[in-house]
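Listed here are the chains, written in short residue letters.
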Amino acid sequence: MGRTDDLNEERMRILGGRLADLSVTETVQYFPSGKEDRVVATLQSSYYPDVVDTATLEIRLRLNGEFNIQYFEEWAGERWSCRWDRHPNTHNTRDHYHVPPQPREESAVDAVYPEDPNDVLRMVLETIEKRINDIWATTDPIFPSEYEFKQEYGADYLVDT
């Protein structure tokens, strides 16, 4: 997935425009320096408790239907992240999810995603909304270094293993 000449730039711009219209989105950058193969959305810090410094969503789509969507939260020097992928690989099925807090190949789980990128983005945003609500729901937040994945994010699309 390292080539930039097979990006679905038109669809990425459309999804970026949809993100820009959401109240949770602060800014959207199209193919910024250092991430020329992505659309990067910075989310509004006011949607998060003070313990979360920043949150971003990065989208990369290919003309052949493959994608990579990554979500990041920065917490006082720690990072909580997850990634939704569709591409051939040796570690999982074509559709797979790299679990939080640190996405790694060895901890990826099989998934089933919608075919339409609009529906995939909707699914990702629903997962992020659940994550935001869960952070707000506690007075003692679980920092990324303390977090253990229990399939609470992605229960609708993860394949039982």
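Look a little higher up for the structure.
For the structure given in this document, a descriptive report is provided here.

Parameters and conventions
- Residues numbered from 1 in each chain as written.
- Predicted model: local features only at pLDDT ≥ 70, side-chain atom pairs only at ≥ 80, totals over all residues.
- Heavy atoms only, no water.
- Pairing = 2+ DSSP bridges.
- Helix = DSSP H or I, 4+ residues; strand = E, 2+ residues; numbered from the N terminus.
- Salt bridge = Lys/Arg side-chain N within 4 Å of Asp/Glu carboxyl O.
- Buried < 20%, exposed > 50% of the residue type's maximum accessible area, 1.4 Å probe, protein only.
- Contact = heavy atoms within 4.5 Å.

## Focus on the sheet that holds strand β6 (residues 95-98)
Pairing within the open sheet is antiparallel, and its seven strands lie in the order β1-β2-β3-β4-β5-β6-β7. Edge positions in the open sheet fall to β1 (25-30) and β7 (109-110), since each of these has one partner strand only. Inspection of the sheet shows strand β2 (residues 39-43) paired to strand β3 (residues 54-61) by four bridges, in the antiparallel sense. What sits directly across from Thr-42, in β3, is Thr-56.

## Side note on the pattern of salt bridges
Applying the stated criterion across every chain yields a total of 13 salt bridges. Between Asp-37 and Arg-60 there is a salt bridge, with the nearest N and O atoms lying 2.6 Å from each other. Residue Asp-37 is found in the loop between β1 and β2, and its partner Arg-60 is found in strand β3; the two are separated by 23 residues along the sequence. Across the pair, exposure class does not vary: Asp-37 and Arg-60 are buried alike. In this structure, the salt-bridge partner of Arg-86 is Glu-115, at a minimum N-O distance of 3.9 Å. With a gap of 29 residues between them, Arg-86 in strand β5 (residues 78-86) and Glu-115 in the loop between β7 and α2 (117-136) connect regions that are remote in the sequence. Residue classification places Arg-86 among the buried residues on the basis of a relative accessible area of 2%. Judged by its relative accessible area of 62%, Glu-115 falls in the exposed class. Ionic contacts of the salt-bridge type, sharing partners, join the residues Lys-35, Asp-37, Arg-38, Glu-58 and Arg-60 into one network.

## What to know about the environment of Phe-31
Here Phe-31 is to be found in the loop between β1 and β2. Separated by 27 residues in the primary sequence, Phe-31 and Glu-58 place their C-alpha atoms 10 Å from one another. Apart from the residues lying within four places of it in its own chain, the contact partners of Phe-31 are Leu-7, Glu-9, Met-12, Arg-13, Glu-36, Asp-37, Arg-38 and Val-39.

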